[in-house]
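What the coordinates show
So you can see what is in the structure, the chains are spelled out below.
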Amino acid sequence: MTNKSNAINLEFNVMKDDFSRAGEASSKIKKILTQLGIVSSVTRRVAIATYEAEMNIAIHSLGGKIEVTINPNEIIIIAVDNGPGIEDVKLAMQEGYSTATNKIRELGFGAGMGLPNMKKCSDEFDIVSKKGKGTKVFMRISLDSKPV
Amino acid sequence: MKLATVKEILNAEVVTGEQYLNNEVKSAFGCDLMSDVLAFIKEETVLLTGLANPQVIRTAEMIDVYAIVFVRGKRPSRQIVEMAEQRNITLMTTDYILYTACGKLYEKGLRGVNVKGDVVDD
């Protein structure tokens, strides 16, 4: 954890296919926000957004990381992975669209709601993906945003 | 509805969190899709699910769900029970299937969440 000019920066690595640990990063992030006294409706948005992002990285990517910056007026979440990239981002954003395997569905995920859930929790959402490179998701959650 | 009443109606066995049975839930949600659990639960809700893996506990933690009932006689592993203990979550298991378990709670007045996450009276 680093603290520069009133901002707190957190960074967590997320491993591919490590489903017994997937969720640990989001759990830590939620604890820190609670300790900082962030309003619970905002903590809830961040918890859902980071957890869906963390599961996405574990399920679909070769591994990646989640960076969270807590500013006095907003929280920035950046989820970035090392590939393989999303073929059709527009399709991936559609509720119900999923490329997850049956193994993932047995975990209770892969219903095609991850990215839409992340977008719903964000005041600003952006996703950039390059085939063969990786995917980067940007989410901004304002500290005065309403409950979702 | 008190968790103790939920336990009684479902003829459930408490796996962990016996000390929280006086806590109240306002609604119930029956689901095996964790993204939907994240999207729709907004308040003090008991989650009924047939999934018994660590992701269920993680999901509950993210949205402050403190009561989970495993249906169809599913038994959580030691790892899952420990995760729940650390997070003050009550776990129960019932032999009823999801449909029957939900029906029994509904019949006794515990309502479901709607797709906007508010409690629906009917």
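Anything mentioned here points back to the structure above.
Presented here is a report on the structure given in the accompanying data block. Fair warning: this is a prediction, and the values are worked out from it, not measured in the lab. (Residues numbered from 1 in each chain as written. Chains lettered and ligands numbered in written order. Predicted model: local features only at pLDDT ≥ 70, side-chain atom pairs only at ≥ 80, totals over all residues. Heavy atoms only, no water.)

Note that Ser 41 of chain A resides in helix H2 (residues 40-60). What Ser 41 of chain A contacts, discounting residues up to four positions off in sequence, is Ser 145 and Pro 147 of chain A. (Helix = DSSP H or I, 4+ residues; strand = E, 2+ residues; numbered from the N terminus. Contact = heavy atoms within 4.5 Å.)

Accessible area lost upon the coming together of the parts is a frequently used measure of interface size. With 26 residues of chain A at the contact, the number on the chain B side is 20 residues. Surface buried jointly by chain A and chain B totals about 1,800 Å² across both partners, of which 52% is contributed by carbon and sulfur atoms. Broken down residue by residue, the surface that chain A buries against chain B is led by Lys 30, Arg 44 and Tyr 51 of chain A, which jointly contribute 29%. At the junction of chain A and chain B, the tally comes to 2 salt bridges. (Buried area = accessible area lost by both parts, 1.4 Å probe. Salt bridge = Lys/Arg side-chain N within 4 Å of Asp/Glu carboxyl O.)

Before going further, it helps to examine the packing of helix H1 (residues 24-35) of chain A against H2 of chain A. All names here are of chain A. Put simply, H1 and H2 touch, their axes get as near as 8 Å, and they point 165 degrees apart. Taken as axis vectors, H1 and H2 run roughly antiparallel relative to one another. Crossing geometry of H1 relative to H2 is assigned as right-handed. Residue-level contacts link Glu 24, Ala 25, Ser 26, Ile 29, Lys 30, Leu 33 and Thr 34 of H1 to Thr 43, Val 46, Ala 47, Thr 50, Tyr 51 and Glu 54 of H2. (Axes fitted to C-alpha atoms, helices over the stretch in contact; angles between N-to-C directions. Parallel < 35°, antiparallel > 145°, perpendicular 65-115°, else oblique. Left-handed = near helix turned anticlockwise from the far one by under 90°.)

Glancing now at the packing of aromatic side chains. Within the structure shown, the criterion is met by 2 aromatic pairs over all chains. Taken together, a centroid distance of 5.8 Å and an interplanar angle of 80 degrees make the contact between Tyr 51 of chain A and Phe 109 of chain A edge-to-face. One end of the pair, Tyr 51 of chain A, is in helix H2; the other, Phe 109 of chain A, is in the loop between helix H4 (102-106) and helix H5 (114-121), and 58 residues separate them in sequence. The class of Phe 109 of chain A is buried, set by a relative accessible area of 3%. Here the aromatic rings of Phe 29 of chain B and Phe 40 of chain B are separated by 6.2 Å at their centres, their planes lie at 70 degrees, and the arrangement is edge-to-face. Remark: Phe 40 of chain B occurs in helix H2 (residues 34-40) and Phe 29 of chain B occurs in strand E2 (residues 27-30); sequence separation between them is 11 residues. (Phe/Tyr/Trp six-rings, centres within 6.5 Å; stacked < 30°, edge-to-face > 60°. Buried < 20%, exposed > 50% of the residue type's maximum accessible area, 1.4 Å probe, protein only.)

Here we come to helix H4 (residues 78-86) of chain B. Side chains three or four residues apart in an α-helix point the same way, a direct result of the helix having 3.6 residues per turn. All names here are of chain B. By the burial criterion, the buried members of H4 are Ile 80, Val 81, Met 83 and Ala 84. Across the axial projection of H4, the buried residues extend over an arc of 160 degrees, all falling on one side. Away from the buried face of H4 by more than 90 degrees, exposed residues Arg 78 and Gln 86 are located. Residues of H4 that are buried make contact with strand E1 (13-16), helix H3 (54-62) and strand E5 (90-93). (Arc of directions from axis to C-beta.)

This part covers the pattern of salt bridges. Going through the model one piece at a time under the given rule, you end up with 17 salt bridges over all chains. Note that Lys 26 of chain B is salt-bridged to Glu 44 of chain B, the shortest N-O span being 3.4 Å. Taken together, the positions of Lys 26 of chain B in the loop between E1 and E2 and Glu 44 of chain B in the loop between H2 and strand E3 (45-49) put the pair 18 residues apart, joining distant regions of the chain. A relative accessible area of 31% places Glu 44 of chain B in the partly exposed class. What you see here is one network of salt bridges that share partners, running through Glu 11, Lys 65 and Glu 67 of chain A.

Moving on, we get to the layout of surface pockets. Residues and elements named next belong to chain A. Empty space within the largest pocket amounts to approximately 700 Å³. In this structure, the largest pocket is lined by 38 residues; those nearest its centre are Asn 56, His 60, Ile 86, Thr 99 and Leu 115. Of all elements in the fold, only H2, strand E4 (74-81), helix H3 (89-92), H5 and strand E6 (134-142) reach the threshold of two or more residues within the lining of the largest pocket. At 7 residues, H2 tops the list of elements feeding residues into the lining of the largest pocket. For the lining of the largest pocket, a count of residues per class yields 20 nonpolar, 13 polar and 5 charged. Its volume calculated, the second largest pocket comes out at about 270 Å³. (1 Å grid on protein atoms, 1.4 Å probe; cavity = no way out; pocket = protein on both sides within 12 Å on 5 of 7 lines; lining within 4 Å. Points joined across faces, edges and corners; volume = space filled by probe spheres on them. Nonpolar A, V, L, I, M, F, W, Y, C, P; charged D, E, K, R; others polar.)

Attention now moves to the sheet that holds strand E4 (residues 67-70) of chain B. Residue and element names in this part refer to chain B. Taking strand neighbours across the sheet as the criterion, the 5 strands line up as E1-E5-E4-E3-E2 in an open arrangement whose pairing is mixed. If you trace the sheet from one side to the other, it starts and ends with E1 and E2, each paired once. For this sheet, the mean angle separating the axes of adjacent strands, direction not counted, is 25 degrees. In the sheet, E2 pairs with E3 via 4 bridges, with the strands oriented parallel. The residue bridging Gly 30 from the neighbouring strand is Leu 48, located in E3. (Pairing = 2+ DSSP bridges.)

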